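# Coordinate analysis (summary)
Letter by letter, the chains look like this.
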Amino acid sequence: MDTTPELPPNNELYEHYKFIVEKGQQPLRIDKYLMNFVENATRNKIQAAAKDGSIFVNDVPVKSNYKVKPNDIIRVKFEHPPHENLLVGEDIDIDIVYEDDDLLVVNKPAGMVVHPGHGNYSGTLINALIFHFDNLPKNSSDRPGLVHRIDKDTSGLLVVAKTENAMNHLSNQFAQKTSEREYIAIVWGNLKEDEGTIEGNIGRHPKNRLQNTVFEGDDAYKGKPAVTHYKVIERLGYVTLVSCKLETGRTHQIRVHMKHIGHTLFNDERYGGNLVLKGTTFTKYKRFVDNAFKVLPRQALHAKTLGFEHPTTGEFMRFSSEIPSDIQECIEKWRHYAKHAKD
């Protein structure tokens, strides 16, 4: 008896996810495979989607026990469009640093998602923007006002376009690498050099789609070129406070590049920075680090400075934001620890 799910009677299906299986992938049940690739997905939800005929491999609906093979094209489709396409304005306060007729600069708090996506369909910066502003221009991904983005648990400055001209002009500056973006980060370990440049193509991790990684040598083609310039601000014993300036803007760029050179961001759970990566084995030290994690319950990364040419006046504008209290308190803790460790 053929138990392959039938296509829904409504042929209007909307693609929510698409994955191409890596060449080196070993046979693995598709429900287990997708758990590594879809954020906030549970195995039960994936199995239910397969039962409903919503998971396709090479355009054929499959059951949850289907074993993926290299080069399989996996699509997850539903009869409704992705939630991120159904934008609803929400009355959420925005910390506006600067605003004129062309653009605004926003200081985003940690914990706020920039645009709706899987598991985060409300409470985002875009929900707030479309409530407060009418007729924002859309970027190439159909997201109103967004010129660039920063991660949910990264705090700091973003520029938002209010006109089509501003969107095009600002987007070109980011693409042409003429904008300025400086981040402040706390990283594990004591960097050997006072400053340096990290170059390494960044792409999706082959075994964990929720991470990115650096591809080098013969695999470099799997990623996109990325350049990060770093400078030590203060050495704090087993961690270091650094400034990172982006030449490119890849997803998780600073987080991936710093891990690549052996200095994962402090308390960056996704990349393993929520473990004690440097220091002693003493219980007292572990307790200190746990307390520092509680003070700063997110990756230690803040988009501090943002500079760009105004799309209408041509004036170069530079904005700076204060380091948030959670990162500042964590710095103070490590500063105190490092001082007394020397005594």
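Up top is the structure.
Residues numbered from 1 in each chain as written. Predicted model: local features only at pLDDT ≥ 70, side-chain atom pairs only at ≥ 80, totals over all residues. Heavy atoms only, no water.

## Notes on the overall build of the chain
A count of helical and extended segments in the chain gives seven helices and 17 strands. Computed over the C-alpha atoms, the radius of gyration of the chain is 22 Å, within 12% of the 20 Å expected from 2.2 N^0.38 for a compact globule of 343 residues. Seen through its principal axes, the chain has C-alpha atoms that stretch 75 × 55 × 40 Å. In the chain, which comprises 343 residues, the proportion classed as buried is 46%. The long-range fraction of contacts in the chain, counting pairs at least 24 apart against all pairs at least 6 apart in sequence, stands at 68%. For the chain, the computed accessible surface area is about 18000 Å², with 46% contributed by carbon and sulfur atoms. Charge-centre separation for the chain: the mean point of 45 positive side chains lies 9 Å from the mean point of 46 negative side chains. (Helix = DSSP H or I, 4+ residues; strand = E, 2+ residues; numbered from the N terminus. Rg over C-alpha atoms; globule rule 2.2 N^0.38 Å. Buried < 20%, exposed > 50% of the residue type's maximum accessible area, 1.4 Å probe, protein only. Contact = heavy atoms within 4.5 Å. Areas by Shrake-Rupley, 256 points an atom, 1.4 Å probe, with all protein chains shown as cover. Lys, Arg positive; Asp, Glu negative; His and termini not counted. Charge placed at Lys NZ, Arg CZ, Asp CG, Glu CD.)

## A word on the side chain of Asn212
Mapped onto the secondary structure, Asn212 falls in strand S13 (residues 212-215). In terms of polar contacts, Asn212 uses its side chain to reach the backbone carbonyl oxygen of Thr251, at 3.0 Å. (Polar contact = N/O pair within 3.5 Å; in protein donor to acceptor, adjacent residues only side chain to side chain.)

## A few points about the environment of Ser179
Here Ser179 is to be found in the loop between helix H4 (164-175) and strand S10 (180-188). Using a relative accessible area of 7% as the deciding quantity, one classes Ser179 as buried. For the pair Ser179 and Glu247, spaced 68 residues apart in sequence, the C-alpha separation works out to 8.5 Å. Not counting residues within four places of it along the chain, the set of residues in contact with Ser179 comprises Gln173, Phe174 and Gly307.

## Brief notes about the layout of surface pockets
Quantified by volume, the second largest pocket comes out at close to 350 Å³. Residue lining of the second largest pocket: 15 residues in total, with Ile20, Val21, Glu22, Lys23 and Lys222 positioned closest to the centre. Partitioned by chemical class, the residues of the lining of the second largest pocket number six nonpolar, four polar and five charged. (1 Å grid on protein atoms, 1.4 Å probe; cavity = no way out; pocket = protein on both sides within 12 Å on 5 of 7 lines; lining within 4 Å. Points joined across faces, edges and corners; volume = space filled by probe spheres on them. Nonpolar A, V, L, I, M, F, W, Y, C, P; charged D, E, K, R; others polar.)

## Quick look at the state of the cysteines
A covalent bond bridging the sulfur atoms of two cysteines is what the word disulfide describes. Under the counting rule described, the total for this entry stands at zero disulfides. With no disulfide of its own, Cys244 has Cys330 as its nearest cysteine by sulfur position, at a separation of 16 Å. (Disulfide = S-S within 2.5 Å.)

## Re the packing of aromatic side chains
Counted under the stated rule, the structure contains 15 aromatic pairs. For the ring pair Tyr238 and Tyr337, a centre distance of 6.5 Å and an interplane angle of 45° mean the geometry is tilted. Of this pair, Tyr238 sits in the loop between strand S14 (227-236) and strand S15 (239-246) while Tyr337 sits in helix H7 (residues 325-342), and the two are 99 residues apart along the sequence. For Tyr337, a relative accessible area of 23% gives the class partly exposed. What links up through ring pairs into an aromatic cluster is the set Trp188, Tyr238, Phe266, Tyr285, Phe288, Phe293, Trp334 and Tyr337. (Phe/Tyr/Trp six-rings, centres within 6.5 Å; stacked < 30°, edge-to-face > 60°.)

## What about the side chain of Ser64?
If you trace the backbone, Ser64 turns up in the loop between strand S4 (60-61) and strand S5 (67-68). Take Ser64: its relative accessible area is 17%, and that puts it in the buried class. Setting aside residues no more than four positions away along its own chain, Ser64 makes contact with Arg29, Ile30, Asp31, Gln47 and Ala50.

## Structural notes on helix H5 (residues 253-260)
Helical geometry note: an α-helix holds 3.6 residues per turn, so side chains three or four residues apart project in the same direction. Counting buried positions along H5 yields six of eight residues, so the element is predominantly enclosed. Among the residues making up H5, those that are buried are Gln253, Ile254, Arg255, Val256, His257 and Met258.

## Looking at the environment of Val159
Relative to the elements of secondary structure, Val159 occurs in strand S9 (residues 155-161). A relative accessible area of 0% means that Val159 is categorised as buried. If we skip the residues at most four places from it in the chain, Val159 touches Leu103, Leu104, Val105, Gly145, Val147, His148, Leu170, Phe174, Leu306 and Phe308.

## Regarding unusual backbone geometry
Positive phi outside glycine occurs at Asn58, with the angle close to 50°. If you trace the backbone, Asn58 turns up in the loop between strand S3 (55-57) and S4. The class of Asn58 is partly exposed, set by a relative accessible area of 41%. With phi around 55°, Asn135 is a residue other than glycine that occupies positive phi space. Relative to the helices and strands, Asn135 resides in the loop between helix H3 (125-132) and S9. When its relative accessible area of 73% is taken as the criterion, Asn135 is described as exposed.

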